[in-house]
Structures are given as structure tokens and as C-alpha cells.
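Spelled out, the chains give:
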Amino acid sequence: MSKLVIASIGPASSVQDGGRPGAQRYGLVPSGAMDRLALAAANTLVGNEAFMAAVEVGPFGAKFTARGGAVRVALTGAPRNADIAGRTMTPDTSATLADGEMLTLGFARGGAFSYLAIEGGIAGEPMFGSLAVNARAGLGSPYPRPLQAGDELPAKAAVGAAAERRIELPAASDAPIRVVWGPQDGEFAEETKKLFVDSEWKISATSDRMGYRLEGPVLKHLYGHNIVSDGTVNGSVQVPGNGQPIVLMPDRGTSGGYPKIATVISADLGRLAQIPAGRAFRFRAVSMAEAQAEARKFAELLRTLPERLRAIESVDLNIDALHDANVAGHAVSAVDAGTWHAVSMADIAGPD
């Protein structure tokens, strides 16, 4: 069986899939990918179902080696340098590692998480219907913890004959993160709610998959910071006693006893997850109707990902001809000789 063997990997990297929906009433943490669109795009590139398990690679670099045969992979999410045995792998594409070849990933640039999907998916034993790792709960497969050097990720299927592909995703947006108020926004004065949406916030370096701690102005409670514990969802914005909000993420608890001033809409959770620690951003309050409309758009985007696939065309470059071409002052494509400006005697002689 072919597999990826991890030569090195940074913290905050684990196997994640679509999570464990439907069991929160039993207190089971949902877990799953921080950026669901990036996970679905990576799986789509290698012909998997959208939310099959893949490697969620944290902000630091990683190295993987193919063993036991070729392994086709796809890389999406936060941009980062990537190469396979010296060959550049561009973002949002698939590529094949021959047996013994190494994939090297650099540090994330402008994001936090990348997703490395394996054709056929990662072999493992589902735990409550999912391979998703939650290290605190000891859940996940093939390793119920963050990944480390020496771990092996077996592929469930051999590499097929499909050509390598790229996927065209919507351009990244730096627009404010949208929220709906509540469910306990009545625990805060109107001026505090205004402060929440009018201020810049930064994600603390102490954040993790359980919650993103925010750094910014102090949000004061009207009646104290303790409430009767009730259910939480991904994106709940809790405000503890110190007045610094925490946005709950996939490894959150299923209930909590701090007032929740707002909830990040589902369509923007992936964008929030990809904001690097220390980068300023803002929130914007929207209506429930707008949040629902955006959720439908996001669901449609996920459904139509296969329509965004494009074949990667292999191009044989005539390097000698390109060297002889005069490309100065012209917009050219290295793979389209028709855009090159051939050198002529007039070019050499210059104006009369």
C-alpha cells in the first residue's frame, strides 16, 4: 500500500475531515477542518468526496515522502512554497509523488492552514463516524493527536490514470468578518455592541483549534459574565470576565457559561480561521436573512467545486528560442511564443 511518511512537521497539524455532526447532544466535540472550503477543494482535486480526511497543515513547514508506490496529492488553503523533488507545486493543484520522492512545504504566507489531500483518502478507523483529530478528547485516526515526524499516512487507493488538475477558487477577501447578534447580546449595552463592530481586533498567538482569543478593547457586561451554561456553535463569540472575546472553533466545548455577544456566520468561518495571529480585522453585523443567503451561496459553491476543475497543460518550452527573443517592454507569456518580439536588424541598428 502506498503511503506518505512524515519527515518533519510543525505544531497545529493533524488529520481532519468534515467533523462529527449530530452528536453534540451527547457532549461530543464536532472537530473537523478549520477551513471547510479549502478541505473540500483539495479533495475535489484528487477525485475524493468533499469532506474526506486530509492533512491540515499548520502555519509551519512540513516534509512528506512517498513510500510503497506513487501518491497523488493536492494542496490548497494558505499560500506557501511547495516543491516535489525540486519541481515547484503551485497552490490549488494536484501533483504526483513517485515512490521515494519528497514533498517540501514552506511556511504559510498570509494564512494559517493548508490542506493536503491524498487520492483515495487516508486509511484509518472512524471514531464516531469520523477520522477528525481532537487531541484533548483522544479522538481521531490514524493518530489521535497532532502529527509528528515518523507518522505514516496510508492511502486507501492506488494512484489512478487521471491527469493533474488545478481548481479555480474565488479570490481571497479581506472584508470584515460578518456576524449575527446573539444569542446573549442583551447582556451588553448598545455602546458595547457598537464598540465590538467599530473596533479592530487581532487574534492572539495563544489561540488554538478550540478558540481564537481576540485582542482589542474590553467589552463590559451589563449583569456579570456568568450565565447558565447553554449550547455553543462554531463561531460563537463568548465574552469572559476579562472582556476579551473568544471565537469558538471546531474543537470547542459543546456548551459554555459566558455570554455570547454574537455568532460568526458559517460562510465566513473559514476566512476567520485563516487570519494569521497579529493581523488586524473587523466584524460587521448582518441580518439573519443575509446570513442565511450567504450560507446558501456557500453550499452552492461547495456543490459546484467539480465544475471549477481545469486540466494542467504540460508545455514544452523552447528555451533557446526564448533566449533569442526580445521581450523587453512587452507583455509576454513564456509558454506562448506568439507573444514574443523576435529580434530584427532594425532593433539592432536603432532609429535613423
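Everything discussed here concerns the structure shown above.
Because the structure is predicted, anything quoted here is derived from the model rather than measured.

Asks: Quick question: what am I supposed to make of helix H4 (residues 288-303) here?
Replies: The α-helix advances 3.6 residues per turn, and as a result positions three or four apart in sequence lie on the same side. Its 16 residues give H4 an end-to-end C-alpha distance of 23 Å, which sits within 8% of 22 Å, the value for a rise of 1.5 Å per residue. Ala291, Glu294, Phe298, Leu301 and Leu302 are the residues of H4 that are buried. Projected down its long axis, H4 carries its buried residues within an arc of 95 degrees, all on one side. Among the exposed residues of H4, those oriented more than 90 degrees off its buried face are Ala289, Arg296, Lys297 and Arg303. On the buried face of H4, the contacting elements are helix H1 (36-45) and strand S13 (177-181).

Asks: Please clarify how the pattern of salt bridges should be interpreted in this entry.
Replies: Two side chains with opposite charge may pair up if their charged atoms get near one another. Applying the stated criterion across every chain, the model contains 20 salt bridges. The partner of arginine 284 in a salt bridge is glutamate 290, and the shortest N-O contact between them spans 3.5 Å. One network of salt bridges, in which partners are shared, links Arg178, Asp268, Arg271, Glu294 and Lys297.

Asks: Is there a simple way to explain helix H2 (residues 190-198) in this structure?
Replies: Among the residues making up H2, those that are buried are Thr192, Lys193, Phe196 and Val197. Viewed along the axis of H2, the buried residues span an arc of 135 degrees, placing them on a single side of the element. Pointing more than 90 degrees away from the buried face of H2 are the exposed residues Glu190, Glu191 and Lys194. Residues of H2 that are buried in the fold lie against S13, strand S17 (236-238), strand S20 (260-264) and strand S21 (283-285).

Asks: Hey, could you run me through the nonpolar core in this one?
Replies: In this structure, Phe196, Tyr212, Val247, Val264, Leu272, Phe281 and Phe283 are the most contacted members of the largest nonpolar core, which totals 50 residues. At the level of secondary structure, the elements contributing two or more residues to this core comprise H1, strand S10 (114-118), S13, H2, strand S15 (211-215), S20, helix H3 (269-273) and H4. No other element matches the 7 residues that H1 contributes to this core. In this structure tyrosine 212 touches Met34, Phe113, Ile203, Ser207, Pro245, Ile246, Val247, Met249, Leu272 and Ala273, once residues within four positions along its chain are discounted. Grouped together as the second largest cluster of nonpolar side chains are 29 residues, Phe64, Val73, Met89 and Leu147 included.

Asks: What should I look at first to understand unusual backbone geometry in this one?
Replies: Residues serine 141 and proline 142 are joined by a peptide bond in cis, for which omega reads 5 degrees. Position of proline 142 relative to the elements: it lies in the loop between S10 and strand S11 (152-154). Here the residue pair glycine 182 and proline 183 is connected by a cis peptide bond, since its omega of 15 degrees sits within 30 degrees of zero. In this structure, phenylalanine 128 is a non-glycine residue whose phi angle is positive, near 55 degrees. Counting through the fold element by element, phenylalanine 128 comes out in the loop between S10 and S11.

What counts, and at which threshold
Here the residue numbers are simple positions, counted from 1 along each chain's written sequence. Local features are withheld for residues below a pLDDT of 70 in this predicted model, meaning they are given only at 70 or higher, and side-chain atom pairs are given and counted only at 80 or more; totals for whole chains, interfaces and linings count all residues. Based on all heavy atoms of the structure, the side-chain values leave hydrogens and waters out of the count. Secondary structure elements follow DSSP: runs of H or I of four or more residues count as helices, runs of E of two or more count as strands, with numbering from the N terminus. A helix's residues, less one, multiplied by 1.5 Å, set its expected span. Summary of the burial criterion: residues with accessible area below 20% of their type's maximum are buried, those above 50% are exposed, and those between are partly exposed, where the area comes from a 1.4 Å probe applied to protein chains only. Note: the arc covers the axis-to-C-beta directions of the helix. Residues are treated as being in contact if the distance between any of their heavy atoms lies within 4.5 Å. We count a salt bridge whenever a side-chain nitrogen from Lys or Arg sits within 4 Å of a carboxyl oxygen from Asp or Glu. By nonpolar core we mean a set of buried residues, namely Ala, Val, Leu, Ile, Met, Phe, Trp, Tyr and Cys, connected to one another through side-chain atoms within 4.5 Å.

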